[in-house]
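# Remarks on the overall topology
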Amino acid sequence: MPIAERQSVAAACWSCAAPLATASAFCDACGKVQPFAENVDYFAAFDLPRKLHIDISALERSFYRLSRKLHPDVYARASAQEQQWSLDQTSLLNDAYRTLKNPVSRTEYLLKLEGVNIESERSENGAQKESRVPADLLEEVFELNMQLEEMRMNRKMGEDDPSLRTDLEKAKTHFDAELATCDAGLQALWTDWDTAVDANTAGVKEKMVTLLDRRRYIRNLVRDVNEALGI
Ligand SMILES: [Zn+2]
């Protein structure tokens, strides 16, 4: 069913026919749980605008308030249909909360809503997609990969090379800092997005995609270093 059609179907409460906001889990007039609609915008599910700086504690409060209202105990005596809807709404709510709470998945989700095709943090089959080395990190990454290889060999042979370990610890500190720089950059782009939602935001979206790619790459490096160090 096309989205517009589905929205018009969901525009009135099934029980009392009061008008509804599209993403409402409940009818304001009678309080009844509403049929679950697919493709509900997670921001709308929490009655939030499509902005990236969000008040996490307010999000948390809404989540717990809605979760309590949807709790199976509340529906113990309701119809099977309402019980099912409450379960469906709960699972939507959980997905929305998880996605919006995490800064990276929130940014990725917004970009997806905006029609930007981005590589997901979690690839479909669990395997990491090959991502390109950011040009300014080529040399460091090359050196790091050699050190990692050496570390793995040492481990296999049951040997320990303290200077290699020190090098890797230094690399870890360095890339942890790079990761923090990415996060700060991302927050600055959030502000650009949030303050220019109606203006030309194509450039901001593109910058976010680039930064997310860089962040993903560095995070994988840090993970590899941690593994090698046994952290
Ligand atoms: Zn109603």
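Residues numbered from 1 in each chain as written. Predicted model: local features only at pLDDT ≥ 70, side-chain atom pairs only at ≥ 80, totals over all residues. Heavy atoms only, no water.

## Looking at the side chain of Arg214
Among the secondary structure elements, Arg214 is positioned in helix α8 (residues 202-229). A polar contact of 3.1 Å, which involves the side chain of Arg214, links it to the side chain of Glu178. Sequence-distant contacts of Arg214, that is, excluding residues within four places in its chain, are made with Pro134, Asp136, Leu137, Glu178 and Cys182. (Helix = DSSP H or I, 4+ residues; strand = E, 2+ residues; numbered from the N terminus. Polar contact = N/O pair within 3.5 Å; in protein donor to acceptor, adjacent residues only side chain to side chain. Contact = heavy atoms within 4.5 Å.)

## Overview of the nonpolar core
By size, the foremost hydrophobic cluster in this structure holds 56 residues, and its most contacted members are Phe46, Leu100, Leu144, Leu168, Phe175 and Met208. Of all the elements in the fold, those that place two or more residues in this core are α2 (42-45), α3 (56-69), α4 (80-101), α5 (103-113), α6 (138-157), α7 (162-195) and α8. Top element by residues in this core is α8. It accounts for 12 residues. Discounting residues that sit within four places of it in the chain, Leu168 has contacts with Leu144, Gln147, Leu148, Met151, Val225, Ala228 and Leu229. (Core = buried A, V, L, I, M, F, W, Y, C linked by side-chain atoms within 4.5 Å. Buried < 20%, exposed > 50% of the residue type's maximum accessible area, 1.4 Å probe, protein only.)

## Some details on the coordination of the zinc ion
Of the protein atoms, only Cys13 (SG), Cys16 (SG), Cys27 (SG) and Cys30 (SG) coordinate the zinc ion, at distances of 2.2 to 2.4 Å. Considering all 4 donor atoms around the zinc ion, angles at the metal cover 106 to 116° and the coordination shape is tetrahedral. In primary-sequence terms, the residues that donate to the zinc ion follow C-x2-C-x10-C-x2-C. Of this pair, Cys13 sits in the loop between α1 (3-9) and α2 while Cys27 sits in the loop between α1 and α2; the two residues are 14 residues apart in sequence, bridging distant segments of the chain. The burial state of Cys13 is the same as that of Cys27; both residues are buried. (Donors = N, O, S within 2.8 Å, 3.2 Å for Na, K, Ca; no water. Tetrahedral: all angles 85-135°; square planar, octahedral: opposite > 155°, others 65-115°.)

## A short note on the packing of α5 against α7
Axis separation between α5 and α7 bottoms out at 12 Å; the angle between their running directions is 40°. Regarding the angle of α5 to α7, the classification is oblique. Of the two possible hands of crossing, α5 and α7 adopt the one that is left-handed. From α5, Pro103, Arg106, Thr107 and Leu110 reach across to α7, where they touch Leu186, Trp190 and Trp193. Its residues assigned to classes, the contact of α5 with α7 shows 5 nonpolar, 1 polar and 1 charged. (Axes fitted to C-alpha atoms, helices over the stretch in contact; angles between N-to-C directions. Parallel < 35°, antiparallel > 145°, perpendicular 65-115°, else oblique. Left-handed = near helix turned anticlockwise from the far one by under 90°. Nonpolar A, V, L, I, M, F, W, Y, C, P; charged D, E, K, R; others polar.)

## Observations regarding the environment of Val33
Relative to the helices and strands, Val33 resides in the loop between α1 and α2. Owing to a relative accessible area of 0%, Val33 belongs among the buried residues under this scheme. Not counting residues within four places of it along the chain, the set of residues in contact with Val33 comprises Trp14, Ala25, Phe26, Leu70, Tyr75, Glu82, Trp85, Ser86 and Gln89.

## What about α8?
With 28 residues, α8 extends 41 Å between its outermost C-alpha atoms, agreeing within 8% with the 40 Å of an ideal straight helix rising 1.5 Å per residue. Phi turns positive one or two residues past the end of α8, at Gly230, with a value near 70°. (Expected span 1.5 Å × (residues − 1).)

## Quick notes on α3
Residue pairs three or four apart in sequence face the same way in an α-helix, which turns once every 3.6 residues. In this model, α3 (14 residues) spans 20 Å end to end at C-alpha, consistent with the 20 Å of a helix rising 1.5 Å per residue. Within α3, burial applies to Leu59, Ser62, Phe63 and Leu66. When α3 is viewed along its axis, its buried side chains cluster within an angular range of 100° and face the same direction. More than 90 degrees from the buried face of α3, the exposed residues found are Arg61 and Arg68. The secondary structure elements touched by the buried residues of α3 are α2 and α4. (Arc of directions from axis to C-beta.)

## Focus on the packing of aromatic side chains
In total, this model carries 6 aromatic pairs according to the counting rule given. Grouped by ring-pair contacts, the aromatic residues Tyr42, Phe43 and Tyr109 constitute a single cluster. (Phe/Tyr/Trp six-rings, centres within 6.5 Å; stacked < 30°, edge-to-face > 60°.)

## Structural notes on the pattern of salt bridges
Summed over all chains, the structure comprises 14 salt bridges. Its salt-bridge partner being Glu114, residue Lys205 comes within 3.4 Å of it at the nearest N-O pair. Remark: Glu114 occurs in the loop between α5 and α6 and Lys205 occurs in helix α8; sequence separation between them is 91 residues. Judged by relative accessible area, Glu114 falls into the partly exposed class, the value being 27%. A salt bridge links Asp213 to Arg216, with the nearest nitrogen and oxygen atoms 2.9 Å apart. Here Arg216 and Asp213 lie together in helix α8, a separation of 3 residues that amounts to about one turn. (Salt bridge = Lys/Arg side-chain N within 4 Å of Asp/Glu carboxyl O.)

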